[in-house]
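Descriptive analysis of the structure
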Amino acid sequence: MIHGLRQIVRTPRGRVLLTTQFFIAFGVVSAAVQFVGQVFGARFGNPGAVTAISLAACLAWGLLRAYPHSRVSRDFTHPDMTITIKIGDLLEEEADLVVGFSDTFDTDITDNGVINRGSLQGQLLSRLYEGDLRRLDGELDRALAVTVPTSVESAESKPQGKLRRYPVGTVAMIGSPRRRVYCVAYSRMGNDLVARSSMDDLWLSLGHLWTAVGQNSQLRRVAAPIMGAELARVHALDKENLLKVIILSFISHSRLRPVCRELTVTIRPEDSEKVDMLEMKAFLAAL
């Protein structure tokens with residue numbers, strides 16, 4: 001609740017919404033008070049108290065109307081689809097999932113040496129695959145069998161992790177028909193084990209992702225994270241603008257051919273203060 005109030009007060013859109021709703025309520029309350037006084041001849045023994053109560057009610061109404069929600073959605077008709085932005089856990093979503101990878105599709109979380117255990121890739125292995133690295137790597141290898149690597153590193157140049165590099169934008173579909181996982185390579189894993197990406201890499205990868213989803217999802221619901229915000233190091237944009245890029249890419253591809261009926265983009269609870277949900281609601285409304 002405190003975070004929501006802070007977002008109202010600190011953001012321009014929040015302040016505008018609060019002020020607008022306050023004055024709308026103030027006009028309604030003022031008209032009601034005048035109507036009661038003139039029609040019923042009511043007299044208020046303590047006008048100051050009536051004024052204070054009216055102002056407090058107007059402020060409460062303004063805060064209620066401007067308060068940001070943890071979930072915003074918009075339904076589209078051309079094509080028929082829904083976009084939802086919500087604060088939550090991606091891996092808890094009842095949907096096909098999108099998980100970002102590097103071009104080497106590294107998965108090993110041992111001692112956080114190659115992949116950080118707390119990253120989404122690490123959580124995918126720990127929670128959805130119950131720590132079974134062999135099973136996850138086996139599914140990735142089968143999915144990547146039809147893709148020719150761009151290069152193969154030597155064990156000397158990359159002592160840890162996988163050695164085959166795939167084109168940025170490669171999508172490996174794993175999981176089961178009940179719940180698919182689209183693993184999209186949108187960053188390059190350096191031999192120093194630091195993943196790096198750029199806006200060009202992200203935009204290219206999103207295009208390949210939506211194509212793969214459209215070909216395989218049967219228009220089912222898909223859930224994605226805000227990609228590029230953490231370990232992939234897309235420094236050009238903050239989380240809020242990365243979220244907008246993901247949605248714009250999805251819409252532009254959906255208007256060429258259907259991708260899925262519903263896209264949900266999740267925001268980690270610890271990142272909720274970094275995304276203005278009032279701004280995102282207005283952004284969706286403007287599309």
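Scroll up for the structure.
None of the values given here were measured: they were computed from a predicted structure.

What counts as what
Residues numbered from 1 in each chain as written. Predicted model: local features only at pLDDT ≥ 70, side-chain atom pairs only at ≥ 80, totals over all residues. Heavy atoms only, no water. Helix = DSSP H or I, 4+ residues; strand = E, 2+ residues; numbered from the N terminus. Expected span 1.5 Å × (residues − 1). Buried < 20%, exposed > 50% of the residue type's maximum accessible area, 1.4 Å probe, protein only. Phe/Tyr/Trp six-rings, centres within 6.5 Å; stacked < 30°, edge-to-face > 60°. Axes fitted to C-alpha atoms, helices over the stretch in contact; angles between N-to-C directions. Parallel < 35°, antiparallel > 145°, perpendicular 65-115°, else oblique. Left-handed = near helix turned anticlockwise from the far one by under 90°. Contact = heavy atoms within 4.5 Å. Nonpolar A, V, L, I, M, F, W, Y, C, P; charged D, E, K, R; others polar. Core = buried A, V, L, I, M, F, W, Y, C linked by side-chain atoms within 4.5 Å. Pairing = 2+ DSSP bridges. Polar contact = N/O pair within 3.5 Å; in protein donor to acceptor, adjacent residues only side chain to side chain. Salt bridge = Lys/Arg side-chain N within 4 Å of Asp/Glu carboxyl O.

1. Re helix α7 (residues 239-254)
The end-to-end C-alpha distance of α7, which contains 16 residues, comes to 23 Å, matching closely the 22 Å that a straight helix rising 1.5 Å per residue would cover. The buried fraction of α7 is high, at 12 of 16 residues. Where α7 is concerned, the buried positions are K239, E240, L242, L243, K244, V245, I246, I247, S249, F250, I251 and S254.

2. Let's talk about the packing of aromatic side chains
According to the stated counting rule, one finds three aromatic pairs in the structure shown. Ring geometry for W210 versus F250: centroids 5.2 Å apart, planes at 75°, classification edge-to-face. Note that W210 is positioned in helix α6 (residues 199-216) and F250 in helix α7, a separation of 40 residues in sequence. In textbook terms, an aromatic cluster arises when at least three aromatic residues are bridged by ring pairs, as seen for F101, F105 and Y166.

3. Re the packing of α7 against helix α8 (residues 277-286)
Their axes nearest at 11 Å, the elements α7 and α8 cross at an angle of 20°. Put simply, α7 runs roughly parallel to α8. Considering how the two elements wind past one another, α7 and α8 form a crossing that is right-handed. Residues E240, L243, K244, I247 and L248 of α7 form the contact with α8, whose own contacting residues are E279, M280, F283 and L284. In the contact of α7 with α8, the residues fall into six nonpolar, no polar and three charged.

4. Considerations on the nonpolar core
Counting residues in hydrophobic clusters, the biggest one holds 37 residues, and the most contacted among them are I85, L209, L243, I247 and F250. The greatest single-element share of this core, amounting to seven residues, is contributed by α7. Setting aside residues up to four positions removed in sequence, F250 forms contacts with M81, I83, W210, V259, C260 and L263.

5. A closer look at the pairing of strand β3 (residues 96-102)
The buried count for β3 comes to seven of seven residues, which makes it a mostly enclosed element. Here β3 pairs with strand β9 (residues 222-225) via two bridges, running parallel. By the bridge assignment for β9, D96 is matched with V222.

6. What about α8?
Looking only at α8, the buried set comprises M277, L278, E279, M280, F283 and L284. Backbone nitrogen of L278 and a side-chain oxygen of the N-cap are separated by 3.0 Å at the start of α8; the cap is D276.

7. Focus: unusual backbone geometry
Geometrically, the link from H78 to P79 is a cis peptide bond, its omega value of 0° lying close to zero. Within the fold, P79 resides in the loop between β1 (71-77) and β2 (80-87). Here F105, not a glycine, exhibits a phi torsion of approximately 50°, which is positive. Checked against the element boundaries, F105 lands in the loop between β3 and α4 (120-128). Residue classification places F105 among the buried positions, given a relative accessible area of 1%. For Q218, which is not glycine, the phi dihedral falls at a positive 55°. With respect to the helices and strands, the residue Q218 is situated in the loop between α6 and β9.

8. Structural notes on the pattern of salt bridges
This model, assessed by the stated rule, comprises 19 salt bridges. Here R188 makes a salt bridge to D201, at a shortest N to O gap of 2.6 Å. Residue R188 is found in strand β7 (residues 179-189), and its partner D201 is found in helix α6; the two are separated by 13 residues along the sequence. You can call D201 buried: its relative accessible area is 11%. One salt-bridge network, in which partners are shared between bridges, spans K86, E93, R221 and E262.

9. Observations concerning the environment of L248
Positionally, L248 belongs in helix α7. Here the alpha-carbon distance between L248 and L284, two residues 36 residues apart in the chain, equals 9.8 Å. Apart from residues lying up to four places away in sequence, L248 is in contact with W203, F283 and L287.

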